[in-house]
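Inside the fold
Listed below, chain by chain, are the residues.
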Amino acid sequence: MDNKGAELIDEYEIVKGLIGVLIVRDRITGLYLYNVVEPVLSDSAGKVLARARELLRMSSSLPGDNSVESYLKSVVDEAMSRLRVRLSDDELRNVMYYLMRDTVGYGKIDPLVRDDYIEDVNINGPNKPVYVWHSRYEHLRTNIVLSNDELNSLVVKISQRVGKNVSSAYPILEGLLPEGLRVELGLRDVSPHGHSDH
């Protein structure tokens with residue numbers, strides 16, 4: 001965050017020691033912004049995470065919910081072994097956070113799903129800032145931007161969890177996520193800027 005361009009209004013943690021939120025006000029525009037703060041990875045942890053993601057891509061599928069975390073831990077152990085790297089407990093926790101976020105969570109928007117103050121998440125297409133409705137600060141632009149691949153992956157994940165497919169024949173998907181959150185997806189056919197999630 002550029003301290004010259006923004007004034008800190010509020011800060012709180014979503015997951016203690018892992019995910020934080022900074023609500024800032026842009027000094028020029030006066031707009032309030034929602035900034036997610038996630039763990040910063042050391043070089044070693046970054047390499048282990050990249051190798052673990054490669055190993056996951058090569059495996060067929062994740063096990064059932066109960067053993068996902070232990071399975072991911074074994075993938076991280078294998079990645080460390082192959083790289084001949086040993087991570088500290090904090091580094092290991094950070095790597096596991098990103099693996100869990102991107103496999104069983106909702107990727108970059110996972111912190112938004114976990115934040116009890118967020119009532120609505122609005123994604124208007126790839127390479128555009130994600131917006132949220134915050135119960136205390138209302139309509140906020142976030143520091144989260146999804147690439148086309150990240151957005152497509154999110155659409156597939158949400159479709160699977162809702163149990164409905166979204167396609168050009170059925171371009172709008174509505175349903176409930178396992179967490180009890182309502183979701184509405186509109187494909188590019190009906191949404192001019194690409195997929196959108198609410």
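**A closer look at the pairing of strand E6 (residues 138-145)**
- Bridge analysis of strand E3 (residues 32-37) against E6 gives two bridges, and the strand direction is parallel. What sits directly across from Leu-33, in E6, is Arg-141.
- As paired elements, strand E5 (residues 129-134) and E6 share five bridges and run antiparallel to each other. Looking across to E6, one finds that His-134 is bridged to Glu-138.
- Following E5, the chain reverses through three residues before pairing antiparallel with E6.

**Overview of the sheet that holds strand E4 (residues 118-122)**
- Read across the open sheet, the six strands follow the order E1-E2-E3-E6-E5-E4; overall the sheet is mixed. Edge strands, defined here as strands with exactly one partner in the open sheet, are strand E1 (6-15) and E4. Between one strand and the next, the sheet's axes are offset by a mean angle of 30 degrees, whatever the strand orientation.
- For E4 and E5, the ladder comprises four bridges, and the chain directions are antiparallel.

**Considerations on the packing of aromatic side chains**
- All chains considered together, the criterion is met by three aromatic pairs.
- Considering the side-chain rings of Tyr-97 and Tyr-98, the 5.0 Å spacing of their centres and the 65 degrees angle between planes classify their relative orientation as edge-to-face. Comparing Tyr-97 with Tyr-98, the two get one shared label, buried.

**Side note on the pattern of salt bridges**
- According to the stated counting rule, one finds 12 salt bridges in the structure shown.
- Residue Arg-101 pairs with Asp-102 through a salt bridge whose shortest N-O separation is 2.7 Å.
- Arg-101 sits in the buried class, given a relative accessible area of 8%.
- Of the residues examined, Asp-102 reaches a relative accessible area of 26% and is grouped as partly exposed.
- Across the salt bridge formed by Arg-114 and Asp-110, the nearest N and O atoms sit 2.8 Å from each other. With Arg-114 and Asp-110 both in helix H4 (residues 110-114) and four residues apart, this pair spans about one turn of that helix.
- By relative accessible area, Asp-110 is classed as buried at 5%.
- Through salt bridges with shared partners, a single network forms among Glu-38, Arg-53, Arg-101 and Asp-102.

**Topic: unusual backbone geometry**
- The phi torsion at Arg-84 lies on the positive side, around 55 degrees, for a residue other than glycine.
- As for its placement among the helices and strands, Arg-84 is situated in the loop between helix H2 (68-83) and helix H3 (89-103).
- The backbone of Asn-127 sits at a positive phi, close to 60 degrees, despite the residue not being glycine.
- For Asn-127, the location among the structural elements is in the loop between E4 and E5.
- Assessed through its relative accessible area of 58%, Asn-127 is described here as exposed.

Calculation criteria
- Residues numbered from 1 in each chain as written.
- Predicted model: local features only at pLDDT ≥ 70, side-chain atom pairs only at ≥ 80, totals over all residues.
- Heavy atoms only, no water.
- Pairing = 2+ DSSP bridges.
- Helix = DSSP H or I, 4+ residues; strand = E, 2+ residues; numbered from the N terminus.
- Axes fitted to C-alpha atoms, helices over the stretch in contact; angles between N-to-C directions.
- Phe/Tyr/Trp six-rings, centres within 6.5 Å; stacked < 30°, edge-to-face > 60°.
- Buried < 20%, exposed > 50% of the residue type's maximum accessible area, 1.4 Å probe, protein only.
- Salt bridge = Lys/Arg side-chain N within 4 Å of Asp/Glu carboxyl O.

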